[in-house]
Amino acid sequence: LLDLINHKISAPITLIIGPTSSISLEEGIKLFQKKFGCSDIVIKGLIDAGGFGYMHINQHNLKEAKIHFNRLKSKNSGVIMQNFIPQIYKKGELSFVFLQGKLSHFFLKVPPYNEERVQAFYGGKSFHFKKSNVPAQIRYIKSSFRKDLDVTEEEVKNASLQAQVIYLKILKLLEKLRIPHPQYLRIDGVMVDSNFVIMELEGIEPYLEMQEAIMYEFTTYETD
């Protein structure tokens, strides 16, 4: 994440607190506020999966957050502190899968009502797109799952274009770091003020939703 930010690739504001750091949650919050001017904060494990270490901090869960913060430091190799991005709930998280240097397929992960995490463990669902049916699929998502979803056709298409540019930037960054080009890569992100902000890169053991993508090629939803 820090490498992406340093190379002008949009990602959430990020502060990493290592497992041996003596910084407490309260001190971390103050540091984050001073450094970035942001007080709406989420924490995650430095090594994590499935959103299991995720917690959105507020004035009502500080006691629980302190325990969770210390657990992440000791069990998850440290803590990631980031700004909360409400668009994940409002618009969903877009995933773009690249295979051998080309965009293969893409889908939108949508959290259920009153949940910020998009994973299926928490009730989230994935909806695949074809380039030709973005408006119809958005209508289907709204009618079948989240009628308040705020994502637009223009945002999905802009995200697709931006993700392909970001993919090329990532390849250049990997070359600089002397890391071979990946044969597959999943780029997750969310649209914030017309800008595709990367939430995660999956290039080692990603869930690419290959089966879902193939099945969707033979499925058409009619919502009119």
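Residues numbered from 1 in each chain as written. Predicted model: local features only at pLDDT ≥ 70, side-chain atom pairs only at ≥ 80, totals over all residues. Heavy atoms only, no water.

## Focus on a nonpolar patch on the surface
So the rule is basically this: Think of a patch as exposed residues, more than 30% relative accessible area, with no salt bridge, where like charges cluster within 9 Å and nonpolar side chains (Val, Leu, Ile, Met, Phe, Trp, Tyr) cluster within 5 Å. Calculation of accessible area relied on Shrake-Rupley with a 1.4 Å probe; when residues are assessed, cover is drawn exclusively from the protein chains displayed. Every case where a carboxyl oxygen of Asp or Glu lies within 4 Å of a side-chain nitrogen of Lys or Arg is listed as a salt bridge. By the criteria applied, helices consist of DSSP H or I runs no shorter than four residues and strands consist of E runs no shorter than two, each listed in order from the N terminus. Only protein chains enter the accessibility calculation, which uses a 1.4 Å probe; a residue whose area is less than 20% of its type maximum is buried, one above 50% is exposed, and one in between is partly exposed.
Where nonpolar side chains cluster on the molecular surface, the patch consists of Leu 2, Ile 5, Ile 16, Leu 46 and Ile 47 and spans about 390 Å² of accessible area. For Leu 46, the location among the structural elements is in the loop between β2 (41-45) and β3 (55-56). Residue Leu 46 is classed as partly exposed on the basis of its relative accessible area of 33%.

## Quick notes on the side chain of Arg 146
Spelled out, the test is: Polar contact is the term for a pair of N or O atoms within 3.5 Å; when the atoms are in protein, one must be able to donate a hydrogen and the other to accept it, and sequence-neighboring residues count only if both atoms are side-chain atoms. It only takes one pair of heavy atoms within 4.5 Å for two residues to be counted as in contact.
Note that Arg 146 resides in the loop between α5 (134-144) and α6 (153-176). A distance of 2.6 Å separates a polar atom in the side chain of Arg 146 from a polar atom in the side chain of Asp 148. With near-sequence residues (within four places) excluded, Arg 146 lies in contact with Tyr 89, Lys 90, Val 110, Pro 111, Pro 112, Tyr 113 and Ile 141.

## Here we look at α6
Our working definition: Expected span, for any helix, means 1.5 Å times one less than how many residues it has.
Its 24 residues give α6 an end-to-end C-alpha distance of 35 Å, which sits within 8% of 34 Å, the value for a rise of 1.5 Å per residue. Looking at α6, one finds that the buried residues are Glu 155, Val 156, Ala 159, Ser 160, Ala 163, Ile 166, Tyr 167, Ile 170, Leu 171, Leu 173 and Leu 174. Just downstream of α6 lies Arg 178, where phi reads positive at about 60 degrees.

## So, the nonpolar core
We apply this condition: We define a nonpolar core as any set of buried Ala, Val, Leu, Ile, Met, Phe, Trp, Tyr and Cys residues linked to one another through side-chain atoms lying within 4.5 Å.
Membership of the largest hydrophobic core comes to 30 residues, with the highest contact counts inside it found for Phe 129, Ile 170 and Phe 196. Breaking this core down by element, the ones donating at least two residues are β5 (93-99), β6 (102-110), α5, α6, β8 (184-192) and β9 (195-202). For Ile 170, the residues in contact, after removing those within four places along its chain, are Leu 4, Ile 9, Leu 185, Ile 187, Ile 198 and Leu 201. Leu 25, Cys 38, Ile 43 and Met 81 belong to the second largest nonpolar core, which has 15 residues in total.

## Regarding the packing of aromatic side chains
What counts is decided by this rule: Under the pairing criterion, centres of Phe, Tyr and Trp rings, with the six-membered ring standing for Trp, must be within 6.5 Å; the plane angle then separates stacked pairs below 30 degrees from edge-to-face pairs above 60, leaving the rest tilted.
Applying the stated criterion to the full structure yields ten aromatic pairs. Ring geometry for Phe 127 and Tyr 140: centres 6.2 Å apart, planes at 70 degrees, overall edge-to-face. You can see Phe 127 sitting in strand β7 (residues 125-128) and its partner Tyr 140 sitting in helix α5, a full 13 residues away along the chain. Judged by its relative accessible area of 7%, Phe 127 is buried. A network of ring pairs unites the aromatic residues Phe 96, Phe 106, Phe 129 and Phe 196 as a single cluster.

## Regarding the sheet that holds strand β1 (residues 14-17)
Counted only if it meets this: Paired strands are those between which DSSP finds at least two bridges. In this analysis, axes come from line fits to C-alpha atoms, helices being fitted only over the stretch in contact, and the angle between any two N-to-C directions falls in the range 0 to 180 degrees.
On the basis of which strands lie adjacent, the open sheet formed by four strands has the order β1-β4-β2-β3 and antiparallel pairing. Every other strand in the sheet has two partners, leaving β1 and β3 as the edge strands with one partner each. Here β1 runs beside strand β4 (residues 79-83); their pairing, made up of four bridges, is antiparallel. Considered in β4, the bridge of Thr 14 is made with Gln 82. Along the sheet face, helix α2 (residues 25-36) touches β1, β2 and β4 and points at about 150 degrees away from the line of β1.

## Examining the side chain of Asn 61
Mapped onto the secondary structure, Asn 61 falls in the loop between β3 and α3 (62-75). For Asn 61, the contacting residues outside a window of four places in its chain are Met 55 and His 56.

## Digging into the pairing of β5
Of all seven residues that make up β5, six are buried, and the element is covered over most of its length. As consecutive antiparallel partners, β5 and β6 are separated by two residues, and within that stretch Gln 100 has a phi angle of approximately 50 degrees, a positive value. Where β5 meets β8, six bridges bridge the pair, whose relative direction is antiparallel. Within β8, the position partnered with Phe 96 by the bridge is Ile 187.

## A closer look at the pattern of salt bridges
Under the definition given, this model contains ten salt bridges. For the salt bridge of Lys 109 with Glu 93, the shortest nitrogen-to-oxygen distance reads 3.1 Å. Taken together, the positions of Lys 109 in strand β6 and Glu 93 in strand β5 put the pair 16 residues apart, joining distant regions of the chain. For the residue pair Lys 109 and Glu 93, the accessibility class agrees, reading buried in each case. The salt bridge partner of Lys 109 is Asp 188, with a shortest N-O separation of 3.1 Å. In this pair, Lys 109 sits in strand β6 while Asp 188 sits in strand β8, placing the two residues 79 residues apart along the sequence. Connected via shared salt-bridge partners are Glu 93, Lys 109, Arg 186, Asp 188 and Glu 202.

No statement about biological role is implied by the geometric values presented.
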